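Observations on the model geometry
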Amino acid sequence: MTVPIAKLSFWGVRGSTPTVDPATWRYGGNTPCLELVAPDGTQFILDCGTGLRMLGSRWGVPDSARGHGTHILVTHYHWDHIQGIPFFSPLYVESNEFQFYSFRSKFLGRDSLKQVFEAQMATPYFPVDLAAMCAKRKFKEVDGGDVLQVGENKITARWLNHPQGCLGFRIETPAGIVVYATDNEPGDAKLEENLRLLAADADIFINDAQYTPEQLATTRRGWGHSSWKEGVRVAREAGAKTLVLFHHDPDSTDRMVDSILRNAREEFDSVFAGSEGMVITLGSPGDGVQAHMPGTRTALRREAQFRAKVTGVTEGGRDFEEETLVRDLSLQGALISLAHLPKLQSELQVVMETPGPDGLHMMRLRGYVVRIDQSPEKGRIAVGVVFTD
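Summarised in this report is the structure supplied together with it. The shown structure was predicted, so the numbers you read here are calculated from the model rather than taken from an experiment.

The subject of this paragraph is the sheet that holds strand β10 (residues 176-181). One open sheet accounts for seven strands, arranged β7-β8-β9-β10-β11-β12-β13; its pairing is mixed. Edge positions in the sheet fall to β7 (147-150) and β13 (271-273), since each of these pairs with one other strand and no more. Strand-to-strand twist across the sheet, computed as the mean angle between neighbouring axes with direction ignored, equals 20 degrees. Summarising the sheet, strand β8 (residues 153-159) and strand β9 (residues 167-173) pair through six bridges and their orientation is antiparallel. Bridging across to β9, Ala157 finds its partner in Phe169. Sitting on the sheet, helix α7 (residues 254-265) touches β12 (242-246) and β13, and the angle it makes with β13 is about 170 degrees.

Another point: the packing of helix α4 (residues 189-199) against helix α6 (residues 228-238). When two helices pack together, you describe them by how their axes are tilted relative to each other and by the distance separating the axes. Taken N-terminus to C-terminus, the directions of α4 and α6 make an angle of 60 degrees; their axes are 9 Å apart at the nearest point. With respect to each other, α4 and α6 are oriented oblique. The two elements α4 and α6 cross, and the hand of that crossing is right-handed. Contact residues: α4 offers Glu192, Leu195, Arg196 and Ala199, while α6 offers Arg233, Val234, Glu237 and Ala238. Of the residues in the contact of α4 with α6, the class split is four nonpolar, no polar and four charged.

We now examine the nonpolar core. Considering soluble globular proteins, one finds that nonpolar side chains tend to be buried as a cluster. Among the nonpolar cores identified, the biggest contains 88 residues, and Leu8, Phe10, Ile204, Phe205, Ile206, Leu245 and Ile280 are the most heavily contacted of them. Among residues more than four places away in sequence, those in contact with Leu245 are Asn207, Ala209, Trp228, Ile260, Leu261, Ala264, Val271, Phe272, Ala273 and Gly274. With 17 residues, the next largest nonpolar core counts Ala334, Val350, Leu365 and Val385 among its residues.

The buried count for strand β21 (residues 381-387) comes to seven of seven residues, which makes it a mostly enclosed element. The two faces of β21 match: Ile381, Val383, Val385 and Phe387 on one face and Ala382, Gly384 and Val386 on the other face are all buried. Two strands pair when backbone bridges link them, and strand β18 (residues 333-338) and β21 are joined in this way by six bridges, in the antiparallel orientation. Pairing of Ser337 across the sheet is with Ala382, part of β21.

Another aspect to go through is empty space enclosed by the protein. A full pass over the atoms with the stated rule returns three cavities of 30 Å³ or more. Computed from the structure, the largest cavity encloses a volume of approximately 80 Å³. What lines the largest cavity is a set of 14 residues, among which Asn184, Glu185, Pro186, Glu192 and Leu195 lie closest to the centre. In terms of residue class, the lining of the largest cavity is made up of five nonpolar, five polar and four charged.

Mapped onto the elements of the fold, Glu276 is located in the loop between β13 and β14 (279-284). Looking at Glu276, its side chain comes within polar contact range of the main-chain nitrogen of Gly29, at 3.2 Å.

Conventions used here
- Residues numbered from 1 in each chain as written.
- Predicted model: local features only at pLDDT ≥ 70, side-chain atom pairs only at ≥ 80, totals over all residues.
- Heavy atoms only, no water.
- Pairing = 2+ DSSP bridges.
- Helix = DSSP H or I, 4+ residues; strand = E, 2+ residues; numbered from the N terminus.
- Axes fitted to C-alpha atoms, helices over the stretch in contact; angles between N-to-C directions.
- Contact = heavy atoms within 4.5 Å.
- Parallel < 35°, antiparallel > 145°, perpendicular 65-115°, else oblique.
- Left-handed = near helix turned anticlockwise from the far one by under 90°.
- Nonpolar A, V, L, I, M, F, W, Y, C, P; charged D, E, K, R; others polar.
- Core = buried A, V, L, I, M, F, W, Y, C linked by side-chain atoms within 4.5 Å.
- Buried < 20%, exposed > 50% of the residue type's maximum accessible area, 1.4 Å probe, protein only.
- 1 Å grid on protein atoms, 1.4 Å probe; cavity = no way out; pocket = protein on both sides within 12 Å on 5 of 7 lines; lining within 4 Å.
- Points joined across faces, edges and corners; volume = space filled by probe spheres on them.
- Polar contact = N/O pair within 3.5 Å; in protein donor to acceptor, adjacent residues only side chain to side chain.

This is the structure:
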């Protein structure tokens, strides 16, 4: 019997405006865009930030067996969620067909999303005329509380607390439930209840974590965003299984996001920080959620044979320490061969011997476990680690 598998890919995770600062390279600088491929082959695209261009550049040849086509859910019309549309190359291919969904804005009226398309590409804002977009495009207006059925998948939309309106989406697939709730601010009881309803028993709960709790309480109040602490609270109240922190602030460096992630992980068992290129597999046999770190950010990986001492916590909750070898070292993480089975997403301390011009040096690193695979070495496992310090 075939087990239903869904694949969630992160093409853009940054909020407000794209970044090219090297200090944000590890998590990525493209604005929001996710891709969910459901078990029945239906492809969902969540938001159209600059990450959409990256998705388009890797677009495969249209597959007649893909399922129920491509469905694009747009949460709202702020620039960071729509600015990738003119640069999405599949829209310029006549054989492609896309179904767009979003709400009727009180500022734009009927056909709001269609108007957004036209305005972005109007003279003098863009050099290519809208007529060049020869792919078939359909637009459907949705409202908070609407429920849609696409193939084997049920989509529920609910209003969130964000200036000028924003929808959150709950996608129920045979492999599990994915909730996309970017751009929401706590403080409105009715809209907070909407968020909890969206997140109820979700396997993956993607939530806005743009600001620190301190910023949210002072200088960023009313700006329409949330914090890791609020995400943890809602995830706990709603019974969500895994929380993904999303919509990172453009001023948040990788180390700042690392700190936010550490804080969240101290209060909730299963947390990831959205990372450009990250792929989450939902419904895998024996493990509901598996996250694979970005290949695009491990291009500097080198095969290694560095001796190291690793300490951590086993799946059974026992502390362990062992000497081993670190392999496939990159700027972001490493593949480590272990005899112990660490708990997925638990923290590891790695003390590694590295060569220098004047002999061996001890490098102390801290990271968390994102992947566990069988090792070709008998009695050992291969552990994928992402470094945070």
